[in-house]
Amino acid sequence: MNHNLLPVFPRQLEDEGIYIMREVAAQFERPVLLFSGGKDSITLVRLAQKAFWPGKIPFPLLHIDTGHNFPETIEFRDQLVRETGAELIVRYVQDSIDSGKVREETGKYASRNVLQTVTLLDAIEEFKFDACIGGARRDEEKARAKERIFSVRDDFGQWDPKKQRPELFDMLNGKINVGENVRIFPISNWTELDVWNYIREEKLAIPSIYYAHFREVIERDNMLWPYSDFLNTTPEEIPYLEQVRFRTVGDMTCTAAVASAADQVEGIIEEILAAKISERGARIDDKRSEAAMEQRKKEGYF
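Keep in mind the model is a prediction, meaning the values are calculated, not measured. (Residues numbered from 1 in each chain as written. Predicted model: local features only at pLDDT ≥ 70, side-chain atom pairs only at ≥ 80, totals over all residues. Heavy atoms only, no water.)

### Structural notes on the sheet that holds strand S9 (residues 240-245)
Spatially, the four strands line up as an open sheet ordered S8-S7-S9-S10, and their pairing is antiparallel. Each of the sheet's edge strands pairs with one partner strand only, and the pair in question is strand S8 (223-226) and strand S10 (258-259). With four bridges joining them, strand S7 (residues 213-220) and S8 adopt antiparallel strand pairing. Bridge assignment links Val217 to a residue of S8, and that residue is Pro226. (Pairing = 2+ DSSP bridges. Helix = DSSP H or I, 4+ residues; strand = E, 2+ residues; numbered from the N terminus.)

### Section: unusual backbone geometry
Geometrically, the link from Trp53 to Pro54 is a cis peptide bond, its omega value of 5° lying close to zero. Considering the arrangement of structural elements, one finds Pro54 in the loop between helix H2 (39-52) and strand S2 (61-65). Although it is not a glycine, Lys128 adopts a positive phi angle of roughly 60°. Within the fold, Lys128 resides in the loop between helix H5 (116-127) and strand S4 (131-133). If you check the backbone angles, Asp221 has positive phi at about 55° while not being a glycine. With respect to the element layout, Asp221 can be found in the loop between S7 and S8. Looking at Asp221, the relative accessible area reads 42%, which means it is partly exposed. (Buried < 20%, exposed > 50% of the residue type's maximum accessible area, 1.4 Å probe, protein only.)

### So, the pairing of strand S5 (residues 150-153)
Strand residues, when the strand is regular, have side chains that alternate between the two faces of the sheet. Burial along S5 is two-sided: Phe150 and Val152 and Ser151 and Arg153, pointing in opposite directions, are all buried. Sheet topology places S5 next to strand S6 (residues 181-184); four bridges connect them, and they run antiparallel. Each residue of the ladder has a partner; that of Arg153, found in S6, is Asn181.

As structure tokens, then:
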């Protein structure tokens, strides 16, 4: 494909994202930006920079560290914080395990991804955050398509899809009761393709694992799992070297790779245009049940 024929990012989406960021700052007392180190949260940081330029981002970044993150993501996170001057708060799933609040999973499919819900809710309570900005998009997964841009959680951090507020004519209602908080999704109306076009046009740096690279993987359930010390493998699962990249970034034990030679943004966009499955198709944690994501959201997950 001619790179000059690639889609152009619709700038009205950026305008909407900036508007939402400013509404968050205006309507809430203690907002925070949930930062995973992935492409969507990196996009949020750029929107926040533009919304409040020339000032600094007026709220901290919160990373819930499972302890099983890709090293490249942690390195990128720390570099981005140094460059932007943003405040970073990190809370660790390991601390929730050590305190007995959650129990480490066992078995072939063990992951810490579900456990981070408790760590997140504890952090929200610790800092009294009343608004948590996240990078969820409606095209990712059917449960996320039910979200509003301002999505209210009750005083237990739980989400009820039947109690969503109407959002007519871009009117965003941030009124909440004591103990409640709101999850904010400024790029809810974006698609995966929009995000990558934005990264291309803004020349945003992203973790290297999004680009094609050689990595040890195992084949399990017709997917390429990144091999690591955190993964519980069987004797038949022999790691081998493969050229891959990641469409989404999560816990190393629940994020599959895709075979790819795309080492530039343009090549990634071409792959997305030709893809027949969504990016969440590579998230193993979503495959635990038909309603896995919705159940986690009801329990307080991002």
